[in-house]
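Observations on the three-dimensional arrangement
Residue-level listing of the chains:
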Protein chains: 2
Amino acid sequence: MDTEFAELLRDRNLKATPKRLELLSVVAKYNSAIPYSELQKSLHHFDRVTLYRTLNALLDGGIVHKASVSNEEVYYAMCKHYCSSEGHHHKHVHLKCKECLEVSCVEAKNTIVIDIPNVEIDNVEIEVQGTCSKCL
Amino acid sequence: MDTEFAELLRDRNLKATPKRLELLSVVAKYNSAIPYSELQKSLHHFDRVTLYRTLNALLDGGIVHKASVSNEEVYYAMCKHYCSSEGHHHKHVHLKCKECLEVSCVEAKNTIVIDIPNVEIDNVEIEVQGTCSKCL
DNA sequence: TAACAAACGCAACATTGTTGCGTTTGTTAA
DNA sequence: TTAACAAACGCAACAATGTTGCGTTTGTTA
Ligand SMILES: [Mn+2]
Ligand SMILES: [Mn+2]
Ligand SMILES: [Zn+2]
Ligand SMILES: [Zn+2]
């Protein structure tokens, strides 16, 4: 809802402008992580710089996050409730399906352990290529 | 050695040109994954397009690989022997140290398991932020 | 050493990121 | 309800990197 997004924005000290609400509704409606090119298409009436700055504001506010797929296009998705202006705290995996080409945020069933001797790990980002459940 | 690199190149059906040998020696000498900006500095006498095409040729040939760090700069590193023109087969992790800012290819001590129900996993890429052994 | 395909340099264009600045607008408090 | 201010926006402008075409040079092979 618009009202919820508006509250979310003000919560992060961001003004609830029409542009931001529209961008959020586009990202939220998309059933997987949305590629930048799709954002451009849906929001072609946005100035390029406005799209850029709006995305940055939402990223900083912990409202959306990037799902990077190697060096391909950048994807964006809604954050879960536990992200904030203080930082993003995702534990999920980004899956790029080689069939439908969709990028989605998925939870692993197990706790992922990475054991590297003499290294202190702060954050882990995992990107998986394969076939999603819809396409199997 | 130049001769080894030359053989490696011909092995992958790539001509052993001075540019390629020079780029390879720069990448290989660097003690961690080399940022693109460093490549530019070291190889400022390369035409921009030549650097671009040379990197692509070596990537395609399975001689170097990218170590992407979220959406920051692109890094490059030498491949291990088991990569080829058929494809890259890395099982290591890319570590970005928050102290020295270096990006390095490191082996995890354990086998990393990612359990996602109803998903067929082909390839996994892991990017770790933290503190490297040198900086601890 | 000649012949050919591949590699290279240069020009040119595309895409995305980034900043400055004047104008418009959401928010807050009178 | 409205005035005032900081934030957001549109536009222009520039930077960095990716990408292609084409004429010239060069590595490889016979
Ligand atoms: Mn995600
Ligand atoms: Mn690596
Ligand atoms: Zn799929
Ligand atoms: Zn370090």
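Preceding block: the structure.
Residues numbered from 1 in each chain as written. Chains lettered and ligands numbered in written order. Predicted model: local features only at pLDDT ≥ 70, side-chain atom pairs only at ≥ 80, totals over all residues. Heavy atoms only, no water.

Every one of the 21 residues lining DNA strand C counts as a neighbour, but A:R48, A:R53, B:T17, B:R20 and B:T50 are closest to it. Here the atoms of DNA strand C within 4 Å of the protein split so that 57% fall in sugar or phosphate, with bases taking the remainder. Note that a phosphate oxygen of DNA strand C is positioned 2.6 Å from one of the side-chain N or O atoms of B:T17. Taking B:R53, its side chain carries an N or O atom lying 2.7 Å from a base oxygen of DNA strand C. Elements that contribute at least two residues to the surface near DNA strand C include exactly α3 (36-42) and α4 (48-60) of chain A together with α2 (18-29) and α4 (48-60) of chain B. Element by element, the count of residues in the surface near DNA strand C is highest for α4(B), at 5 residues. Taken together, the residues of the surface near DNA strand C sort by class into 7 nonpolar, 4 polar and 10 charged. (Near = heavy atom within 4 Å. Polar contact = N/O pair within 3.5 Å; in protein donor to acceptor, adjacent residues only side chain to side chain. Helix = DSSP H or I, 4+ residues; strand = E, 2+ residues; numbered from the N terminus. Nonpolar A, V, L, I, M, F, W, Y, C, P; charged D, E, K, R; others polar.)

All names here are of chain B. Note on the zinc ion (ligand 4): its protein donors are C97 (SG), C100 (SG), C132 (SG) and C135 (SG). The metal-donor distances range over 2.2 to 2.4 Å. With 4 donor atoms in place around the zinc ion (ligand 4) and angles of 106 to 118° between them, the coordination shape is tetrahedral. Every donor residue of the zinc ion (ligand 4) comes from the same chain, spaced as C-x2-C-x31-C-x2-C. Of the two residues, C97 sits in strand β4 (residues 93-97) while C135 sits in the segment after β6 (120-131), which places them 38 residues apart along the sequence. Residue classification places C135 among the partly exposed positions, given a relative accessible area of 30%. (Donors = N, O, S within 2.8 Å, 3.2 Å for Na, K, Ca; no water. Tetrahedral: all angles 85-135°; square planar, octahedral: opposite > 155°, others 65-115°. Buried < 20%, exposed > 50% of the residue type's maximum accessible area, 1.4 Å probe, protein only.)

Of all residues adjacent to DNA strand D, which total 21 residues, the nearest are A:T17, A:R20, A:T50, B:R48 and B:R53. In the interface set of DNA strand D, defined as its atoms within 4 Å of the protein, sugar plus phosphate atoms amount to 55%. Interatomic distance of 2.8 Å between a side-chain N/O atom of B:Y52 and a phosphate oxygen of DNA strand D. Those elements giving two or more residues to the surface near DNA strand D turn out to be α2 (18-29) and α4 of chain A together with α3 (36-42) and α4 of chain B. If one sorts the elements of the surface near DNA strand D by residue count, α4(A) sits on top with 5 residues. The residue makeup of the surface near DNA strand D, split by class, is 7 nonpolar, 4 polar and 10 charged.

Another aspect to go through is the pairing of strand β4 (residues 93-97) of chain A. All names here are of chain A. Summarising burial for β4: 5 of the 5 residues are buried, a large majority. Burial along β4 is two-sided: V93, L95 and C97 and H94 and K96, pointing in opposite directions, are all buried. Bridge analysis of β4 against strand β5 (residues 103-106) gives 4 bridges, and the strand direction is antiparallel. Following the sheet pairing, K96 is matched in β5 by V103. The turn joining β4 and β5, which pair antiparallel and follow one another in sequence, is formed by 5 residues; a positive phi near 65° is taken by L101. Across 4 bridges, the pairing between β4 and strand β6 (residues 120-131) is parallel. Opposite L95, over in β6, you have V128 as the bridge partner. (Pairing = 2+ DSSP bridges.)

Moving on, we come to the packing of aromatic side chains. A full pass over the atoms with the stated rule returns 0 aromatic pairs over all chains. Positioned above the aromatic ring of A:F46, the side-chain terminus of A:K19 is 4.8 Å from the ring centre. (Phe/Tyr/Trp six-rings, centres within 6.5 Å; stacked < 30°, edge-to-face > 60°. Lys NZ or Arg CZ within 6 Å of the ring centre and 35° of its normal.)

Bringing the sheet that holds strand β2 (residues 64-68) of chain B into the picture now. Residue and element names in this part refer to chain B. Taken together, the 3 strands give an open sheet; going across it, the order is β1-β3-β2, and neighbouring strands pair in antiparallel fashion. Edge strands, defined here as strands with exactly one partner in the open sheet, are β1 (34-35) and β2. Two elements, β1 and strand β3 (residues 74-78), share 2 bridges in a ladder whose sense is antiparallel. Paired with I34 across the bridge in β3 is Y76. Lying on the sheet, α4 is in contact with β2 and β3; it crosses β2 at an angle near 105°. (Contact = heavy atoms within 4.5 Å. Axes fitted to C-alpha atoms, helices over the stretch in contact; angles between N-to-C directions.)

A separate point is the sheet that holds strand β3 (residues 74-78) of chain A. All names here are of chain A. What the 3 strands build is an open sheet, ordered β1-β3-β2; its pairing is antiparallel. For this open sheet the edge positions go to β1 (34-35) and β2 (64-68), each flanked by a neighbour on one side alone. Its contacts with the sheet place α2 against β1, β2 and β3, and it is angled at close to 95° to β3. Each of β2 and β3 is contacted by α4, which is oriented at about 105° to β2, the strand it contacts most.

This brings us to the packing of α2(B) against α4(B). Angle between the axes and distance between the axes: these two values describe a pair of packed helices. Residue and element names in this part refer to chain B. Contact geometry for α2 and α4: axes closest at 10 Å, N-to-C directions at 75°. Comparing their axes, α4 and α2 come out roughly perpendicular. Side by side, α2 and α4 meet where K19, R20, L23 and L24 of the first sit next to T50, L51, T54, L55, A57 and L58 of the second. Taken together, the residues of the contact of α2 with α4 break down into 6 nonpolar, 2 polar and 2 charged. (Parallel < 35°, antiparallel > 145°, perpendicular 65-115°, else oblique.)

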